[in-house]
Structures are given as C-alpha cells and as structure tokens.
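# Coordinate inspection notes
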Amino acid sequence: MPLRRALVVDDSKSARIALKKQLEKYSLSVDLADSGEEALEFLKDNDVDVVFMDHVMPGMDGLQTVKALKANPKTATTPVMMYTSKEGEVYVSQARALGAVDVLPKQVQPGVLFGMLLKLGLVRDRRAADYDDFDETEATGNIAAESGDDQQPIGMPMPALLTRILEDQQSSLRSDMLKSHRSFAKQVANEVYQQQKAEESAELDKAPERSNGAGLQLFIGVLAAAVLLLGMLFFQARTERDALSMDVARLSTTIEQERISASALNERLTSDIGDAGVRAEVATRELLGTLTWAMNESGAVPYDEVPLNELRTAQIRRLLTQLVNAGFQGTVRIESHLGEFCLASDATGTYQLVNPELPFTACALIGHRLDGANLLSSRQTQAFENFMAESPLVNGSGIELDVVIRDRLDSVPRVQYPADPVSAGEWNHIAAQNNRLEYSLIPVPNR
C-alpha cells in the first residue's frame, strides 16, 4: 500500500509537532502548515489523504479554511478533521455542516486517533496479526471462515510444548546426576584404595610381625566406610528424585492453567475476529457515505459548462482512487441533472441567463441550453471520454462507472423552486443548485 499523506494545520508549533509524531506512528507522511492561508496555498500543488485543522488561528480560522476547501473542486473530497480544544454540540454541528468529517480534542488519545484513521481507511486493524502475520486478503478469508461450522483453534499447542520441554529437562537432570554420582564414587574408592595401600605399607614397615587378622579388620573398616558413603549417596539421590517429582507436579499444574488460559484466549480472539469484521463493515459504510456526501456537495455545474469536463474528470479520478484503496467493489453511478433557468434571448437570438436584478417576469423562457441533448456525447469532453476508455480505475479495478443522462423534464430537483419568485436572480440561484452531477455508490452484495 502506498504511503498515506496528512496535512496538520495549527498556529502552535508544539501542537503541530505532537500530532505529527502520533500520525507517523501509523506510517503516515505528515506535512505542516501554521495558518489557513498557508494550508490553502500548499494544497494548490499537493494532494493529501486527510487534513487536521485547528479552530482558533490568526487570519483565517479553521472553519473559514474548511469552507474554502469545500468550495474548491480540487479539495472538496479531501476529508477534514477539526483538531481543537473547543467543545459543545453547537460547534460540532457547525463544523460538520461546513464539511468537516468529525471533531477531535487537542489531547487526542491514541486509541481514538487510530479509530478515526481506521474509519477513513488510512490504516488497517492488525490485532489478529500477532498469530498469523496475514494481510488484508487473508484477514477477509479468516473472517469469512468464522461464519462456517468448522472453526480451527487459534494458537500453538502449548501443553504439548511444555510437556516436551519438561521431559527433556528431566532426562538431562537424571543423566547429570548419574554422571556426578559415578564420578564421586570412583574418586572416593580411589582415595580409600590409596589410603589403604599407604596404611598397609606403613604397618608392614613398622610391625612386620602383625598378623593377617589386623589387615582383615582394616579392610572391613574400609568396606564399611564405602557402604556408608554409598548409603549417603543413595539418600541424596532419593531426596533429589522427590524434589524433582514435586517440580513435575508443579509444572503439570502450570501446564493445566496455561491450557485453560490458552482456551480462553482462543475464544476471545475468535470473538474479536468476528467483532473486527463487523466494525470493518460499519467503517466501510461510513466511508462510502462520507465520500458520496462530499461529491454531491460539490456536484453543482455552472450553466455554461459541459457537465463532464476536465475539472470534474479530475474529481471523479480522485474519487475512484480512494474507492480502490478502500477495497470498494461495485458501481459508481453519476446522474447528470439539468436545472430550469430563467432565460431571455439576446440580439443574436441566443437564449442567455436573465440579469439577476430584473424581475422574474423578464424571463422569456424557463429551460436549459441542453434541452433535448440526451446523449452522453453532449454532456462530456474528450478528456472524460478518454478517461472512460483508458483508465485502469474504470477498466479491471472491480468498479463500474455508470453515467445516466437526465433531460430537463426527467431531472429531479435537489432544491424546490419558489412558488412565487420575485427576481430572476432568486429563481436562477435555485436552478444553479439543481443543475448538477449526483453521485451514488452501489457496492456488490456480500455472498
């Protein structure tokens, strides 16, 4: 996935740096601006995936800057998060009415920030990846598998692993004990033998006349000492064996506890995967709703422009790019509606918009210059035709672009026309809002 880009707009340097560090933890490229004017200048030549906007700033404040961004077709679809210490439902409603996606506090918690980025499709939820290091495609497959009857437990067989480790340690300990006992017994026997030889030699030198009975008595004493030593070694070995048995019992208890914990963890992870799938579906619906709203807010077409011209081709390209990055599969429907304008003919006999200051009775015709032009060719430029034919966003991306041409009489008004208009300007203001492109996203149904 390409590196996502964010713009932080705040007159406080410390606040800009603090938010920049938080965003970079989620692998976002972050640019900074210290005023609304600098942000607008930066976005003339640069595209970003999200804008974090402070409220109180010198010059243009945050709400004024959001209004300017949404009025510019180039930036109208860019999500804007208000980033401020100001609170209250009135402020939140005002920010959303101007086009902000949501409002975050200045001291935003990492979990809240992650949830917002996840909602916008700028990060992925990887909590289940600690066990299987899977990508988004594998995650989708695993979630789908959860709906079936044959669920596989998650995690390694911990009891079997601990039992194998315990058996290896017990075998190694037993071998070391036997080697130690044999070495010690051999050393003692050698020392006893050497001492016996020295004592026998001394006895022979001092009293050659001593009888064989005394040598036998010495041998019996040495043998008794060796038997006593072996008894001590046996007692020590039994004590160590009993201690090892106690260790085995303790480890068996620990293994059972770990098995129970692993089973509980497996159940929690299975539940979390199901919850993650639901949250991902909700986040996707919210993202699609935000994109649809943003495109329709900037969908008005001036009376004298071709609806699908170069400017709106660029807007549609950015919309499809965001949908492809979000994994959207389905249909993007674009309906071209015509407004009913107040017109009068000029000296050449061509109908033009009536001067807005003239009364509504000055209208010679209520209509549109494209009346009767119901073919796509009459509503598009060569740039849009080339985009439809050549762009990989339309061909092979899993997204179908459906363009619907509405005649003036077939168009559905977004704003109702006044019943008793006073001026031509009042009527044409409503007609300009109804002369528009209307967008709708239709995802492929889940199977």
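In this report, we go over the structure that sits alongside the text. Note that residues are indexed from 1 along each chain, following the sequence as it is written. A pLDDT threshold of at least 70 governs which residues receive local features in this predicted model, and a stricter bar of 80 or more applies before side-chain atom pairs are shown or counted, although totals over entire chains, interfaces and linings include all residues. The side-chain figures draw on all heavy atoms in the structure; neither hydrogens nor water molecules are used.

## Some remarks on unusual backbone geometry
- Here S27, not a glycine, exhibits a phi torsion of approximately 65 degrees, which is positive.
- A run of H or I in DSSP counts as a helix once it spans at least four residues, and a run of E counts as a strand once it spans at least two, with each numbered from the N terminus. Here S27 lies in the loop between α1 (13–24) and β2 (28–33).

## A word on the pairing of strand β6 (residues 330–337)
- We call a residue buried when its accessible area falls under 20% of the maximum for its residue type, exposed when it is over 50%, and partly exposed in between, using a 1.4 Å probe and counting protein chains only. The element β6 is largely enclosed, with a buried count of 7 among its 8 residues.
- At least two bridges found by DSSP between two strands is the condition for calling them paired. The pairing of β6 with strand β10 (residues 399–405) spans 7 bridges and is classified as parallel. Paired with E335 across the two strands is V404, which belongs to β10.
- Of the strand pairs in this sheet, β6 and strand β11 (residues 436–443) are connected by 8 bridges, and their pairing is antiparallel. Bridging across to β11, V332 finds its partner in L441.

## Remarks on helix α3 (residues 62–71)
- The complete set of buried residues in α3 reads G62, L63, T65, V66, L69 and K70. The buried side chains of α3 occupy one side of the element, clustering within an arc of 160 degrees when seen end-on. Residues K67 and A71 are exposed on α3 and point more than 90 degrees away from its buried face.
- Whether two residues are in contact is decided by their heavy atoms: any pair within 4.5 Å suffices. Along its buried surface, α3 packs onto α2 (36–45), β3 (50–53), β4 (80–84) and α4 (89–97).
- Any pair of N or O atoms that falls within 3.5 Å is considered a polar contact. Within protein, one atom must be able to donate a hydrogen and the other to accept it, and sequence-neighbouring residues count only if both atoms are side-chain atoms. At the N-terminal boundary of α3, the capping side chain belongs to D61, with an oxygen 3.3 Å from the backbone nitrogen of L63. Directions pointing from the helix axis toward each C-beta atom define the arc.

## Some points on the packing of aromatic side chains
- Paired rings are identified among Phe, Tyr and Trp, the last through its six-membered ring, by centres lying within 6.5 Å, and are further divided according to the angle between planes into stacked (under 30 degrees), edge-to-face (over 60) and tilted (the rest). Taken as a whole and assessed by the stated rule, the structure comprises 5 aromatic pairs.
- Ring centres 5.1 Å apart and planes at 45 degrees place the aromatic pair F360 and W427 in the tilted group. A residue pair is termed long-range when its members are at least 10 positions apart, and F360 in the loop between β8 (351–353) and β9 (365–367) and W427 in helix α12 (residues 424–434) qualify at 67 residues.
- By relative accessible area, which is 21% here, F360 ends up partly exposed.
- Ring centres 4.7 Å apart and planes at 20 degrees place the aromatic pair Y417 and W427 in the stacked group.

## Considerations on the sheet that holds strand β5 (residues 102–105)
- Ordered in space as β2-β1-β3-β4-β5, the 5 strands form an open sheet in which the pairing is parallel. The sheet is open, and its two edges are formed by β2 and β5, each paired on a single side. Ignoring which end each strand starts from, the neighbouring axes of this sheet average 25 degrees apart.
- Bridging between strand β1 (residues 4–9) and β3 involves 4 bridges; their strand directions are parallel. If you follow L7 over to β3, its bridge partner there is V51.
- Here α1 sits on the sheet and contacts β1, β2, β3 and β4; the angle it forms with β2, its principal contact strand, is near 170 degrees.
- Against the sheet, α3 makes contact with β3 and β4, and its axis sits at roughly 175 degrees relative to β4, the strand it touches most. Helix axes are fitted to C-alpha atoms over the stretch in contact, other axes to C-alpha atoms as well, and angles between N-to-C directions run from 0 to 180 degrees.

## Let's talk about the pairing of β2
- Here 6 bridges tie β1 to β2, and the two strands are oriented parallel to one another. By the bridge assignment, A6 is partnered in β2 with V30.
- For the segment spanning β1, α1 and β2, crossover handedness is right-handed. A crossover gets the label right-handed when its path from the first strand over the helix to the second runs clockwise, viewed with the strands pointing away from the viewer.

## Points about the sheet that holds β8
- As summarised here, the arrangement of the 3 strands in space is β8-β7-β9, forming an open sheet in which the pairing is antiparallel. A strand with exactly one partner marks an edge of an open sheet, and here the two such strands are β8 and β9. On average, each strand axis in the sheet is inclined to that of its neighbour by 50 degrees, with strand direction left out of account.
- For strand β7 (residues 341–345) and β9, the ladder comprises 3 bridges, and the chain directions are antiparallel. Residue pairing in the sheet places C342 in a bridge with I366 of β9.
- Sheet contacts for α12: β7, β8 and β9; angle to β7, the most-contacted strand, approximately 120 degrees.

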